[in-house]
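# Summary of structural features
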Amino acid sequence: MTLTPTAPEAVGAQLEAHLRSRRAAGRKLLVPYVTGGYGDDWVDVVRAVADAGADAVEVGVPFSDPVMDGPTIQRASELALAAGATPGSILDQLHGSDAGVPLAVMTYYNIADHWGLERFASELAGAGVCAAILPDVPLEEVGPWTAAADAAAVETVLLAAPTAPDARLERICARARGFVYAVGLLGVTGARSALAATATEIAGRCKAVTDRPVLVGVGVSDAAQARQACTVADGVVIGSALVDRLLAGEGPDGAARFVAEVRAALDAG
Amino acid sequence: MADPTVRLTDPGDAGRFGDFGGRYVPETLVPACQELEAAFRAAWVDPAFRRELDDLLRDYAGRPSPLTECHRLSEQLGLRLLLKREDLNHTGSHKINNVLGQALLARRMGKTRLVAETGAGQHGVATATAAALLGMTCTVYMGEVDIERQALNVFRMRLLGAEVRPASSGSRTLKDAVNEAMRDWVATVGDTHYCLGSVMGPHPYPWMVRELHRVIGDEARAQCAALLGADGDGVPDVVTACVGGGSNAIGIFSGFVDTRAELVGVEPAGGAAVGRGVPGVVHGSRSYLLQDEWGQVLEAESISAGLDYPGVGPEHSWLADVGRARYEQVTDAEVIEAFQVLSRTEGIIPALEPAHALAWILRASDELSGRTVLLNLSGRGDKDVGQMMDVLADRLAEERP
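Note that the structure is a prediction, hence the values are computed from the model and not measured.

Rules used throughout
- Residues numbered from 1 in each chain as written.
- Chains lettered and ligands numbered in written order.
- Predicted model: local features only at pLDDT ≥ 70, side-chain atom pairs only at ≥ 80, totals over all residues.
- Heavy atoms only, no water.
- Helix = DSSP H or I, 4+ residues; strand = E, 2+ residues; numbered from the N terminus.
- Buried < 20%, exposed > 50% of the residue type's maximum accessible area, 1.4 Å probe, protein only.
- Contact = heavy atoms within 4.5 Å.
- Areas by Shrake-Rupley, 256 points an atom, 1.4 Å probe, with all protein chains shown as cover.
- Axes fitted to C-alpha atoms, helices over the stretch in contact; angles between N-to-C directions.
- Parallel < 35°, antiparallel > 145°, perpendicular 65-115°, else oblique.
- Nonpolar A, V, L, I, M, F, W, Y, C, P; charged D, E, K, R; others polar.
- Pairing = 2+ DSSP bridges.
- Phe/Tyr/Trp six-rings, centres within 6.5 Å; stacked < 30°, edge-to-face > 60°.
- Lys NZ or Arg CZ within 6 Å of the ring centre and 35° of its normal.
- Core = buried A, V, L, I, M, F, W, Y, C linked by side-chain atoms within 4.5 Å.
- pLDDT = per-residue confidence, 0-100.

A few words now on the overall build of chain B. Of the regular secondary structure elements, chain B holds 15 helices and 14 strands. By its C-alpha atoms, chain B is 55 × 55 × 45 Å across when sized along the principal axes. When each of the 401 residues of chain B is scored for burial, the buried share is 65%. Of the contacts made within chain B by residues no fewer than 6 positions apart, 75% connect residues no fewer than 24 positions apart. A total accessible area of about 13,500 Å² is found for chain B, and carbon and sulfur atoms account for 51% of it.

So, in structure tokens, the structure goes:
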């Protein structure tokens, strides 16, 4: 068994350092996901979930063709695009949002590529975003992006999927920054009625080869499932289950209630 | 003058055609793409696999497809028009070449289910057919808009035992059907092969699908040599085909890329990725892409469901950049005209897709005067008759005083 060395990052690394220190304090990590621009109050939602106990917030920059996303986040993305949201407008609104926790952006490669990788990385940094998640850029293609991101001190979160052989997982965990996003099941984002067995399996396989924070996302849908995933993982990303509530009109208050409930379950350990 | 030193090559582990191509897929799918690449590399040099595929192409699909000289239309246009008759293949288009190869490969890999996207329905019908032939289950995603305008093909797929699932997000056309098929594959990758229908998507698809359609160009090269050899070098002056993703075009181009023949791809004006796009990444590869100022993919707009796609296969982008092929655009109105011209003059009702290439020939007949032009007639028009009945009835009604 090889452990990725705990090399302290030269610059940046705000997200990973933050998550490591919270983990060291015995806390399970909670990162809610919000689609940027899905509704007028989306920045309030970001602040609300941060206040309700999130350790970081993942903000989706909507893309026209989100192949890793299921119906909920597709719908939120379509609403955001129809309302005129652009990568520029999302980052403008995030800038000065003062959420109080590190922010990560999730979007698809063409958004970054079209803006220009260096420009996109520096715009993220300028907006106070620590990290980026590009789910359609696997290890073999990520080089040009990580070069730009590293230079701008933006951390690149990589996905680790249940289909990866051990040697591949090791390489993914070694290149990831911020945290390792362990994909909890075979499938796209979306709430499920039960946590898949693959969720704790993949978390365990990642934990065996890295000491970076390992968070399970995709298919973690409620407080009980989050708690179950965290029997092995360092934390969870909760996306569709939160966005379902937002699409139902629950707004910042509903989002905060949901995140607080998950927080309490994780803290009760 | 066409550069005959250009070659369509193996794009290597990285799957690159110059700057284009690559493998931009969710991490979950990377091992499956790698496994597929390895399996195809092994199968493609395995004589037993090649023999089984060749036998199916001959005895089941009806290959070789004929080369037809259009005497009447040639005389009208003042050029020599040859058609490669992919419309005469079983299931009515060139799509069967690729699908039989991929289905055999899937079976060899131990997969029991095929998933596919379809636009006009030709690839969906071909995939459903191959699944029936090999005893596999089959799910085809099709945009809601296309399900409406290609009802006959939807019924055909269901007759063949496939499940047709509507893609109801975004533009509800081919682009969204690809999204849904990829999402399906992310969830089912253990037992399922994604039978992608064009020379697009992540590596190895653009290369593998080109190799599986190479038979079009190889046959046409030999047929042209036999027909034209006595008068010269046996090579047509121009080789043309319609381009959506670009599989039938790359198939016929592959037989002539190393000759003096000029290669012309014809895109719909409303979906001209090469003509009007800029490089971008969607559906697994980098290629020319119709997109807005922020990189959001635009919706294509074409009368032909099979070409209603904002991207194009990466090898076409490369061929355009190196100047070995050029890409023209035609309008829906020109296509409707070409559809009728071939029907009336030669007794061949073409699919709307290859009617694009003919529409360009009709428009460029002055430039093409006296030259020999080979058109890949990639599919037959049966599937489009219903849609054209409505289009032409509307026109007739408008023309009435």
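Further notes follow.
Residue and element names in this part refer to chain B. At a minimum axis distance of 9 Å, the contact between helix H5 (residues 122-134) and helix H7 (residues 151-159) shows a crossing angle of 10°. Considering the angle they form, H5 stands roughly parallel to H7. Where H5 approaches H7, its residues Gln-122, Gly-124, Val-125 and Ala-128 are matched on the opposing element by Asn-153, Arg-156 and Met-157. Classifying every residue of the contact of H5 with H7 gives three nonpolar, three polar and one charged.

Residues and elements named next belong to chain A. On the basis of which strands lie adjacent, the closed barrel formed by eight strands has the order S1-S2-S3-S4-S5-S6-S7-S8 and parallel pairing. Taking each pair of neighbouring strands and ignoring which way they run, the sheet shows an average axis angle of 25°. Relative to strand S8 (residues 235-238), strand S7 (residues 214-217) is paired through two bridges, and the arrangement is parallel. Paired with Val-216 across the strands is Val-236, a residue of S8. Across the face of the sheet, helix H8 (residues 166-175) comes into contact with strand S5 (155-160) and strand S6 (180-183) while running at roughly 160° to S5. Packing against the sheet, helix H9 (residues 197-207) makes contact with S5, S6 and S7, and its axis sits at approximately 160° to S7.

Right, let's get into the packing of aromatic side chains. Any aromatic ring pair is given by two values, namely how distant the centres are and how the planes are angled relative to each other. Inspection of every chain in the model, using the stated rule, returns twelve aromatic pairs over all chains. Each ring, one from Tyr-109 of chain A and one from Tyr-24 of chain B, has its centre 5.2 Å from the other, and the planes form 15°; the classification is stacked. In this pair, Tyr-109 of chain A sits in helix H5 (residues 109-115) while Tyr-24 of chain B sits in strand S2 (residues 20-24), so the two residues belong to two different chains. Tyr-109 of chain A sits in the buried class, given a relative accessible area of 2%. Here a set of aromatic residues connected by ring pairs shows up, and it is made of Trp-115, Phe-120 and Trp-145 of chain A together with Trp-294 of chain B. Seen from the ring of Phe-258 of chain A, Arg-245 of chain A lies directly overhead, with NZ or CZ sitting 3.8 Å from the centre.

Nonpolar side chains in soluble globular proteins generally cluster together in the buried interior. Core analysis: the biggest nonpolar cluster contains 202 residues, and Val-57 and Trp-145 of chain A together with Phe-256 of chain B have the highest contact counts within it. Examining the composition of this core, we find that ten residues originate from one element, helix H9 (residues 205-228) of chain B, more than from any other. In this view, Val-57 of chain A contacts Val-31, Pro-32, Val-34, Val-46, Val-49, Ala-50, Val-101, Pro-102, Leu-103 and Ala-104 of chain A; residues no more than four positions away in its chain are not counted. Among the nonpolar cores identified, the runner-up in size contains 32 residues, and Leu-83, Leu-342, Leu-358 and Ile-361 of chain B belong to it.

Here the focus is unusual backbone geometry. With an omega dihedral of 0°, the bond running from Arg-63 of chain B to Pro-64 of chain B counts as a cis peptide bond. For the bond running from His-203 of chain B to Pro-204 of chain B, omega is 15°, close enough to zero to count as cis. Within the fold, Pro-204 of chain B resides in the loop between strand S8 (192-194) and H9. One non-glycine residue, Ala-153 of chain A, lies in the positive phi region at around 60°. The residue Ala-153 of chain A is located in the loop between helix H7 (143-151) and S5 in this model. One non-glycine residue, His-283 of chain B, adopts positive backbone phi at about 55°. Within the secondary structure, His-283 of chain B is located in the loop between strand S11 (278-282) and strand S12 (284-289). The class of His-283 of chain B is buried, set by a relative accessible area of 5%.

The share of residues in chain B with pLDDT of 70 or more is 100%, and the mean pLDDT across the chain is 96. Complex prediction metrics read pTM 0.96 and ipTM 0.95.

Here the focus is the environment of Gly-116 of chain A. Residues and elements named next belong to chain A. As for its position among the elements, Gly-116 is in the loop between H5 and helix H6 (117-126). With relative accessibility at 22%, the residue Gly-116 sits in the partly exposed group. Along the chain, Gly-116 and Gln-74 lie 42 residues apart, while their C-alpha atoms are 24 Å from each other.

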